[in-house]
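One-letter residues, chain by chain:
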Amino acid sequence: MAAHLASFDLAFLITSVVKIVFLTFLVILPLVAYSVYAERRFSAIIQDRVGPNRTGIPLTLFGFKKDIQIFGIGGLVQPLADGLKFLLKEDFTPKSVNTFYYWLAPALTMVPALMTCAVLPFGSELDLSFLNPLITSLGGDGFTAPIKSVIADLNVGPLFVFAIASLGVYGIVLAGWSSNSKYPFLGSIRSSAQMISYELSLGLSIVPVLMVFGELNLSKMAAFQDANGWLLLPLWGEGLTVARWVLWVPMLISFCIFTVAMFAETNRLPFDLAECETELVAGYHTEYSSMKFALFFMGEYAAMIIGSGIAVTLFLGGWSIPFAPLIGLDYVAGATPFWLGLLHIGTFFAKVIVFILFFILIRWSLPRFRFDQLMKLGWLYMFELALANVFLTAVLMIICYPVK
Amino acid sequence: MATIIVQRPKLAWHERWFISTLAKGLKITLGHALKTFREITGGKAKVTMEYPEEKWDSNLPSYYRGAPALVTDEHDRERCVSCQLCEFICPPKAIKIIPSEIPSDDPWAKVEKRPKEFDIDMIRCIYCGMCEEVCPEQAIFLRKDYAITGESRAEMVHDKKKLYEIGGKRVGLVNKWNELK
């Protein structure tokens, strides 16, 4: 038993737990809450409104003169108020639902969205060796190598993400079916039909990317782009060769297809057929209230954040800083200073936030697709385009990188 | 019935493929976003009225129909003679009047009646203004108050005192009962 216990790498276990807690509870969930707030604020200014700008810390309740507004911007505490409201609302369960699946569905939407963040490289690596004197004084061994900023450094990154992320549709289908009501049912049926139209082009769109990188490990892809220029911005390193510029065209096509399929995958407008209030009351979550409804909501936004993370990692250089080798901020495996590691994490989340804002901007710019238009776009155009793109990339690669 | 042939716009290939149209749409929404953002950070959002701080009051049109109220004339006489026409015409039955006689030693004894109680239930009132139309004495008017709130149903019933408070004195109307003229 003792030998069995000794075979556990305790440092690995602890750092993994710390990374999981950091990424899920300190980054993704607050980011979910604040992207809901950002959505409300951004959509407000698009429509020439002001948006929620009043929620501060309510000191007036305790007899003070003014509420505290953080940073002088009103409304930054709005997500807390929303969360509190969701917790305190009546949790109403209709009489005719299939109780087990009705309760399971919100979790099935939320869990896959959060699970996919395991393979997301949210930074290069953190050199924590400056903590070693403290750890050795407490009787530990200290860090021998920098810690990679990814929870699970899998060699099948994108495949894992697609496998888990497409499970999210089960939550929607179960919610629609178990609600025992026609509008949620129609919404969930539409969601599943939408999923099968877009999953194919989503998978096919990254095949050219994998061909160029020659591997499936997301953190190695990010490190490659750090040294050789982003896939869509090959302006330094090896990216200055003609071959990379020739391959830029199929990469752009891939990026467009991937982004459109990601919108469909996360049920965002213009592809939010599962929840269009003009036709389906509210869609698959019509019969849900309070925290169960909030879980659907959070699942959608978490999927949006992870999707943005994947798109950023594949096409926009992940955590890498633009022109890093030219300004001396490039990543050297095993020898990245602590501050640069933190800067990489910051860069990654800055890119993700820009991508989320793009999601929101698209939502208010495009009208919702009709159901047949969506199927036609998915099956007749995007699928074919993605398939042709694979062949195009293959041909270009044979021309650009002749086999020696 | 004449047949109308609808001319659909002929779209170029880049418009049909959502390329130029998408860029155009993004330009419009982003333009609005940046414009409003600059207005908000500059402290002058021109589009929205921030309600509890800024109010409509100075912009209300003269014909605005707010809360109904009773008015007195320039000699502080209650203009209402409790004829109960408004109570009778009121579509949602919001008005309740209990009339009383005017004692003979009163300077306005000739008027004979005035309301003892005059209640308007503001939960029922639909601001139609028919009481104002029907009043033969020009005693009831719809004023410009619109923020009428209360914490209980009883608080939302305007009694005679409250109605005169809202209405105030109104001069320059026809004075049938004025012996001083």
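Sequence order sets the numbering: in each chain, residues are counted from 1 along the sequence as written. Labels follow written order: the first chain is A, the first ligand is 1, and so on. Per-residue local features of the predicted model are confined to residues with pLDDT of at least 70, and side-chain atom pairs are confined, for both listing and counting, to 80 or more; whole-chain, interface and lining totals are unaffected and use all residues. Only hydrogens and water are set aside when side-chain values are computed; all heavy atoms of the structure are taken into account.

**A few points about the overall build of chain A**
A run of DSSP states H or I qualifies as a helix once it reaches four residues; a run of E qualifies as a strand once it reaches two. Both are numbered from the N-terminal end. Counting secondary structure elements, chain A contains 16 helices and two strands. Along the first, second and third principal axes, the C-alpha atoms of chain A reach 65 × 60 × 55 Å. Buried residues in chain A amount to 49% of all 404 residues. Nonlocal contacts in chain A, meaning residues at least 24 apart in sequence, comprise 75% of its contacts between residues at least 6 apart. Computed with a 1.4 Å probe, the accessible areas rest on the Shrake-Rupley method; for each residue, only the protein chains presented here act as cover. Summed over its atoms, the accessible surface of chain A is roughly 19,200 Å², and 74% of this surface lies on carbon and sulfur atoms. His is not counted here, nor are the chain ends, while Lys and Arg score as positive and Asp and Glu score as negative. A charged residue contributes its charge at one atom only: NZ of Lys, CZ of Arg, CG of Asp or CD of Glu. Averaging the locations of the 23 positively and 25 negatively charged side chains of chain A gives two centres separated by 8 Å. Three exposure classes are used, based on accessible area relative to the maximum for each residue type with a 1.4 Å probe and protein chains only: buried under 20%, partly exposed in between, and exposed over 50%. Working rule for contacts: check all heavy atoms of both residues, and any pair within 4.5 Å makes them a contact.

**Considerations on the state of the cysteines**
Residue and element names in this part refer to chain B. Note on terminology: pairs of cysteine sulfur atoms within 2.5 Å are recorded as disulfides. The tally for this structure, following the rule as stated, stands at zero disulfides over all chains. Of the cysteine sulfurs around Cys 90, a residue in no disulfide, the closest is that of Cys 128, at 6.1 Å. For Cys 128, a relative accessible area of 26% puts it in the partly exposed group.

**Regarding the pattern of salt bridges**
A pair is scored as a salt bridge if a Lys or Arg side-chain nitrogen falls within 4 Å of a carboxyl oxygen belonging to Asp or Glu. This structure, assessed with the given rule, holds twelve salt bridges over all chains. Across the pair Glu 300 of chain A and Arg 268 of chain A runs a salt bridge whose closest N-O atoms are separated by 3.6 Å. Pair noted here: Glu 300 of chain A is in helix H14 (residues 290-315) and Arg 268 of chain A is in the loop between helix H12 (248-265) and helix H13 (277-280), with a separation of 32 residues, a long-range link. Linking Lys 160 of chain B and Glu 78 of chain B is a salt bridge whose minimum nitrogen-to-oxygen distance equals 3.5 Å. Residue Lys 160 of chain B is found in helix H5 (residues 160-167), and its partner Glu 78 of chain B is found in the loop between strand S1 (68-70) and helix H3 (85-89); the two are separated by 82 residues along the sequence. Looking at Glu 78 of chain B, the relative accessible area reads 19%, which means it is buried.

**What to know about the packing of helix H2 (residues 10-46) of chain A against helix H2 (residues 19-41) of chain B**
Fitting a line to C-alpha atoms yields each axis, with helices limited to the stretch in contact; the angle taken between N-to-C directions then spans 0 to 180 degrees. The N-to-C vectors of H2 of chain A and H2 of chain B enclose an angle of 100°; their axes lie 7 Å apart at closest approach. As far as their axial angle goes, H2 of chain B and H2 of chain A are roughly perpendicular. Mapping the contact onto sequence places Phe 42, Ile 45 and Ile 46 of chain A in H2 of chain A and Thr 29, Leu 30, His 32, Ala 33, Thr 36, Phe 37 and Ile 40 of chain B in H2 of chain B. All amino acids are sorted into three groups, where Ala, Val, Leu, Ile, Met, Phe, Trp, Tyr, Cys and Pro are nonpolar, Asp, Glu, Lys and Arg are charged, and the leftover types, Gly among them, are polar. Partitioning the contact of H2 of chain A with H2 of chain B into residue classes produces seven nonpolar, three polar and no charged. Throughout this description, any angle smaller than 35 degrees is read as roughly parallel, any larger than 145 degrees as roughly antiparallel, any in the 65 to 115 degree range as roughly perpendicular, and the remainder as oblique.

**Remarks on the domain arrangement of chain B**
Domain start and stop positions are those given by an automatic or database domain assignment. By domain assignment, chain B separates into domain 1 (17-48) and domain 2 (60-177). Distance between the C-alpha centres of domain 1 of chain B and domain 2 of chain B: 49 Å.

**With respect to the interface of chain B and chain A**
If you look at the interface, chain B gives 18 residues, while chain A gives 15 residues. Buried surface area refers to the total accessible area, computed with a probe of radius 1.4 Å, that the two partners give up upon joining, counted for both partners together. When the two sides are added together, the surface that chain B and chain A hide from each other amounts to roughly 1,400 Å², 70% of it contributed by carbon and sulfur. The largest per-residue losses of area from chain B upon contact with chain A belong to Leu 26, Thr 29 and Ile 40 of chain B, which jointly make up 29% of the total buried on that side. The tally of links between chain B and chain A comes to one salt bridge.

**Here we look at the UniProt feature "binding site: [4Fe-4S] cluster 2" (unreviewed entry) in chain B**
Residues and elements named next belong to chain B. The sites that UniProt annotates as "binding site: [4Fe-4S] cluster 2" (unreviewed entry) are Cys 90, Cys 125, Cys 128 and Cys 131. Separation in sequence by 42 residues is not matched in space for these annotated residues, since their most distant C-alpha atoms are only 10.6 Å apart. Checking the named residues against the second largest cavity, the ones that line it are Cys 90, Cys 125, Cys 128 and Cys 131. Looking at Cys 125, the relative accessible area reads 15%, which means it is buried. The contacts of Cys 125, once residues within four sequence positions are left out, are Pro 68, Pro 92 and Ala 94. Along the chain, Cys 128 turns up in the loop between strand S3 (113-121) and helix H4 (130-134). Apart from the residues within four sequence positions on either side, Cys 128 is in contact with Arg 65 and Pro 91. UniProt positions are given in the numbering used here, feature names are shortened, and annotations may be inferred rather than shown by experiment. In this analysis the probe radius is 1.4 Å and the grid spacing 1 Å, with only protein atoms considered; a cavity is a set of points the probe fits into but cannot get out of, a pocket is an open set with protein on both sides within 12 Å along at least five of seven lines, and lining residues have an atom within 4 Å of a point.

**Observations concerning the nonpolar core**
Counting 77 residues, the largest nonpolar core has Phe 258 and Leu 314 of chain A as the members making the most contacts within it. Beyond its immediate sequence surroundings of up to four residues, Leu 314 of chain A is in contact with Ile 206, Val 209, Phe 213, Leu 218, Met 221, Gln 225, Leu 231 and Phe 258 of chain A. In this description, a nonpolar core means a group of buried Ala, Val, Leu, Ile, Met, Phe, Trp, Tyr and Cys residues linked to one another through side-chain atoms lying within 4.5 Å. If you look at the next biggest cluster of nonpolar residues, it comprises 21 residues, including Cys 86, Ile 120, Cys 131 and Ala 139 of chain B.

**Details of empty space enclosed by the protein**
Gaps between atoms show up when a probe of the same size as a water molecule is rolled over them. Residues and elements named next belong to chain A. Grid points are joined across faces, edges and corners, and a volume is the space filled by probe spheres set on the points. For the structure shown, the criterion picks out four cavities of 30 Å³ or more. By volume, the largest cavity is sized at about 370 Å³. Lining of the largest cavity is provided by 29 residues; of these, Ala 165, Gly 168, Glu 265, Thr 266 and Ala 303 occupy positions nearest its centre. Going through the elements one at a time, helix H4 (99-115), helix H6 (157-165), helix H7 (168-178), helix H8 (182-205), H12 and H14 are the ones with two or more residues in the lining of the largest cavity. Here the lining of the largest cavity takes seven residues from H14, the largest share from any one element. When the residues that make up the lining of the largest cavity are grouped by side-chain class, the tally is 16 nonpolar, ten polar and three charged.

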